[in-house]
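# Structural description and commentary
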Amino acid sequence: MLLIIGGAYQGKLDFALELTGYERADFADGASCGQEELYSAKGIHHFHEYIRRLLEQENAVDADAFAEEIRKRNPDLVIVTNELGYGIVPVDPKDRLWRETAGRVCTRLAGEAKQVYRVVCGLGMPLTGR
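Cut-offs applied
Residues numbered from 1 in each chain as written. Predicted model: local features only at pLDDT ≥ 70, side-chain atom pairs only at ≥ 80, totals over all residues. Heavy atoms only, no water. Helix = DSSP H or I, 4+ residues; strand = E, 2+ residues; numbered from the N terminus. Rg over C-alpha atoms; globule rule 2.2 N^0.38 Å. Buried < 20%, exposed > 50% of the residue type's maximum accessible area, 1.4 Å probe, protein only. Contact = heavy atoms within 4.5 Å. Pairing = 2+ DSSP bridges.

Moving on, we get to the overall build of the protein. For the protein, the helix and strand inventory stands at five helices and six strands. Helices (α) and strands (β) of the protein occur, in sequence order from the N terminus, as β-α-β-α-β-α-α-β-α-β-β. The C-alpha radius of gyration computed for the protein amounts to 14 Å, which stays within 12% of the reference 14 Å derived for 130 residues, consistent with globular compactness. Along the first, second and third principal axes, the C-alpha set of the protein runs to 40 × 30 × 25 Å. Burial analysis of the protein (130 residues in total) assigns 39% to the buried set. Sequence-distant contacts, at least 24 apart, represent 59% of the contacts inside the protein between residues at least 6 apart.

The next point concerns the pairing of strand β1 (residues 2–6). Taken across its five residues, β1 has five buried, putting it largely inside the fold. What you see with β1 is no split at all: Leu 2, Ile 4 and Gly 6 on one side and Leu 3 and Ile 5 on the other are buried throughout. As judged from the five bridges shared by β1 and strand β4 (residues 78–82), these two strands associate in the parallel manner. Counterpart to Ile 5 in the pairing with β4 is Thr 81. Sheet analysis places β1 next to strand β5 (residues 115–120), joined by five bridges and oriented parallel. Bridge pairing links Leu 3 to Val 116 in β5.

See below:
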């Protein structure tokens, strides 16, 4: 697994494409893809939006179990996601839950990933590599 994180509009997907040699069509969009796409795609971008949609359906997500399911079913997945933990804490409880859940899932995935990159201004900085 490869995890690429960073702020909005920082060039994360372009970095992922360059790093992996994949095409845009190889990436599912977390804002609209289904569960089977998550487990069969080479990559997923807007992963944080997938988590938002999952919370809208289920109201709670076991971060450890969800991350483990991804690892087992699609161990070579390239995950591209926004960092949500910076800035002002949201007033809306649902937004706080989303931010917390996304952070917990990504923390678990980072611990399992072969490589983790943070992208700023299109530049990928390795945070870890195995």
